[in-house]
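Architecture and fold: a report
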Amino acid sequence: MTYTGVRIGLLALTLLAGSAATPTASAAAHPGTTGSGAVGTTTVGSGTVEEQRLDRAAPQEILRRSGFDTVAPEFTRALERSGSYARAEHVVVQQGARLWRRAVDRAQGRGPAGGDLSRDDDRPLYWARLAMTRELRGWTPGFGLTDTQHARLVAALEQTSRGQRDFHYPRAKGVKRILVTGFDPFTLDRDVRISNPSGATALALDGTTIRTADGPARVETAVFPVRWQDFAEGTVERTLRRQLPRVDLFTTVSQGRVGRFDVERTNGAWRGGFPDNDNVSRTGTVPVTDPASQPQWTSTTLPYERIVAADTGRFPVYDHTSVTEIPAGGTDPVVRPDGPTPGSTARAGGGGDYLSNEIAYRATLLRDRLGLHDSLPGGHVHTPVLEFGAGNTDPATGTVTDPEFVRNRLDIIAQVRSILTVAADAGSPGVSGTARTRD
């Protein structure tokens, strides 16, 4: 999810979003990463900006053709029977986790398909979650809810329906542990039909086993929102802090450039302001705890040389080293093809200056602050842009799916799996070393 990957639609998105976008604000206006876990969204009229897209034809068709159109009504009925805050919290957690599990099961061929939409599709989860959060925001029970309680319920729904509380690694020795993250669809005002192959990959791989040269490796996944405020409030650190010391490999994944995979070598501490799914912009230094010790750059510890050299699928894979910096003592941004120079200030990592760069920066900074830089392979992988078929590119007249669209998504998922296998086989950070397996 690079700025490069989305900038071709910036003009169209700006024209469509227009006055709905919030003016750019500096990072100083944002909280650190130790908040309560409440989800930051922009509410306009009935529901958030994201939720208001639900009533368009394509989201409704996606829900109907997957059977996920029943999710929100069932959730609403359960909420209405709750009778107390404690019971409502139980309902939210249970229903959120059920949605995540249903989406994973559908993607992995378990249970009914619910319709003719291909099982590998990540969009039913996205739109069903928004239907649930819209119902929850508008719910006014007889027992009364404080604003804080309401926010906690929304946060619980977000976390459980994204797999962020659903990590189940085996305790058996000799089984490696891999963590993978994906993202929601984004740039939806440009084309509301959009799917995100990183989210589809998360659903396809969650709870699966990869066979490596050293034995089995269990993959656990989670999906993150495309919203600046959630990141400022610590959703990445809150989800990953307990997991990173337990795993042998991690990679954050997002959609990047057309026709290629990229292993991003360097991540930058800068937000470039591209609008998120709530049409909110943020520009400034990535807000983290303890900013006094915050570096401008973090780096991958994935075995990028081996990944690039391996035959992992039909898309080429690149070791992407370019960044944009303000050199030490300078004032203007400069593109550096071979990475940052000493003392420079970040303006874009290899993954750009959007939320894909930010999740990579946050995850690798957390790795380093936990003292795992030299022992834990981790970093960011950008997938190709997921493209519709040649005759289905007009958002106004196109269909929500087509055979080439499905083929592209399946090929991307399979290639991410192959990349993970290569990375797991390589072992420790860099190119060589001993595998880091935990009991």
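Treat the numbers as computed from the prediction; the structure is a model and nothing was measured.

1. Structural notes on the overall build of the protein chain
- Counting its secondary structure elements, the protein chain contains 14 helices and 14 strands.
- Relative to its 439 residues, the protein chain shows a buried fraction of 58%.
- For the protein chain, contacts bridging at least 24 residues in sequence account for 79% of all contacts bridging at least 6.
- Accessible surface computed for the protein chain: about 16,700 Å², of which carbon and sulfur atoms make up 51%.

2. Here we look at the packing of helix α7 (residues 123–137) against helix α8 (residues 147–161)
- For the pair α7 and α8, interaxial distance at closest approach is 10 Å and the crossing angle is 165°. As the angle between them shows, α7 and α8 are arranged roughly antiparallel. For α7 against α8, the interelement crossing comes out right-handed. Between α7, through Leu125, Arg129, Met132, Thr133, Leu136 and Arg137, and α8, the contact on the second element is made entirely by His150, Leu153, Val154, Leu157, Glu158 and Ser161.

3. Some thoughts on the sheet that holds strand β1 (residues 176–183)
- The 7 strands are arranged β2-β3-β1-β4-β14-β5-β10 in an open sheet whose pairing can be described as mixed. Each edge of the sheet is formed by a strand with only one pairing partner; in this case those strands are β2 (209–212) and β10 (317–320). Across the sheet, the axes of successive neighbouring strands diverge by a mean angle of 25°, strand direction being ignored.
- Two strands pair when backbone bridges link them, and β2 and strand β3 (residues 215–224) are joined in this way by 4 bridges, in the antiparallel orientation. Note that in β3 the partner of Arg211 across the bridge is Pro216.
- Sheet strands touched by helix α9 (residues 197–205): β1, β3, β4 (249–255) and β14 (378–383). Its angle to β3, the strand with the most contacts, is close to 135°.

4. Some thoughts on the pattern of salt bridges
- In the structure shown here, the tally under the stated rule is 32 salt bridges.
- A salt bridge links Arg110 to Asp105, with the shortest nitrogen-to-oxygen separation between them at 2.9 Å.
- The exposure class assigned to Arg110 is partly exposed, which follows from its relative accessible area of 39%.
- Note on Asp105: relative accessible area 21%, which makes it partly exposed.
- A salt bridge links Arg336 to Glu325; its shortest N-O distance comes to 2.6 Å. Separated by 11 residues along the polypeptide, Arg336 in strand β12 (residues 334–336) and Glu325 in strand β11 (residues 323–326) bring together distant segments of the chain.
- Of the residues examined, Arg336 reaches a relative accessible area of 27% and is grouped as partly exposed.
- For Glu325, a relative accessible area of 0% puts it in the buried group.
- Here the salt bridges share partners, and the residues they tie into one network are Glu50, Arg129, Glu158, Arg162, Asp184, Arg227 and Asp230.

5. Some words on the packing of helix α6 (residues 85–107) against α7
- Relative to each other, α6 and α7 sit at 165°, their axes nearing to 10 Å. Comparing the axis directions of α6 and α7 gives the class roughly antiparallel. In terms of crossing hand, the pair formed by α6 and α7 is right-handed. Taken together, the residues of α7 that come into contact with α6 (itself represented by Val92, Gln95, Gly96, Leu99, Trp100 and Ala103) are Leu125, Ala128, Arg129, Met132 and Leu136.

6. Describing the sheet that holds β12
- Across the sheet, 3 strands lie side by side as β12-β11-β13; this open sheet has antiparallel pairing. Looking at strand neighbours, the two that pair on one side only are β12 and β13 (345–348), the edges of this open sheet. The average undirected angle you get between the axes of adjacent strands in this sheet is 45°.
- The sheet contact formed by β11 and β12 spans 3 bridges and is antiparallel. Each bridged residue has a counterpart across the sheet, and for Glu325 the counterpart in β12 is Val334.

7. Concerning the nonpolar core
- Phe75, Val92, Trp127, Leu136 and Leu153 are the most contacted members of the largest nonpolar core, which totals 41 residues.
- The set of elements that each furnish at least two residues to this core consists of α4 (57–66), α5 (71–80), α6, α7, α8 and α9.
- Among the elements that make up this core, the one with the highest residue count is α6 (9 residues).
- With residues near it in sequence (within four places) discarded, Leu136 still touches Phe75, Leu79, Val92, His150, Leu153, Val154 and Leu157.

8. Overview of the side chain of Ser344
- Following the sequence through the fold, Ser344 ends up in the loop between β12 and β13.
- Among the polar contacts made by the side chain of Ser344, one reaches the main-chain carbonyl oxygen of Thr341 at a distance of 2.9 Å.
- Setting aside its immediate chain neighbours within four residues, Ser344 contacts Gln296, Trp297, Glu325, Ile326, Pro327 and Ala328.

9. Observations concerning α6
- For α6, spanning 23 residues, the distance from its first C-alpha to its last is 33 Å, which sits close to the expected 33 Å at 1.5 Å a residue.
- Considered for burial, the residues of α6 that qualify are Tyr85, Ala88, Val91, Val92, Gln95, Gly96, Leu99, Trp100, Ala103, Val104, Arg106 and Ala107.
- Residues of α6 that are buried in the fold lie against α4, α5, α7, α8, α9 and β3.
- Following α6 by one or two positions, Gly109 has its phi on the positive side, about 85°.

Thresholds, definitions, all that
Residues numbered from 1 in each chain as written. Predicted model: local features only at pLDDT ≥ 70, side-chain atom pairs only at ≥ 80, totals over all residues. Heavy atoms only, no water. Helix = DSSP H or I, 4+ residues; strand = E, 2+ residues; numbered from the N terminus. Buried < 20%, exposed > 50% of the residue type's maximum accessible area, 1.4 Å probe, protein only. Contact = heavy atoms within 4.5 Å. Areas by Shrake-Rupley, 256 points an atom, 1.4 Å probe, with all protein chains shown as cover. Axes fitted to C-alpha atoms, helices over the stretch in contact; angles between N-to-C directions. Parallel < 35°, antiparallel > 145°, perpendicular 65-115°, else oblique. Left-handed = near helix turned anticlockwise from the far one by under 90°. Pairing = 2+ DSSP bridges. Salt bridge = Lys/Arg side-chain N within 4 Å of Asp/Glu carboxyl O. Core = buried A, V, L, I, M, F, W, Y, C linked by side-chain atoms within 4.5 Å. Polar contact = N/O pair within 3.5 Å; in protein donor to acceptor, adjacent residues only side chain to side chain. Expected span 1.5 Å × (residues − 1).

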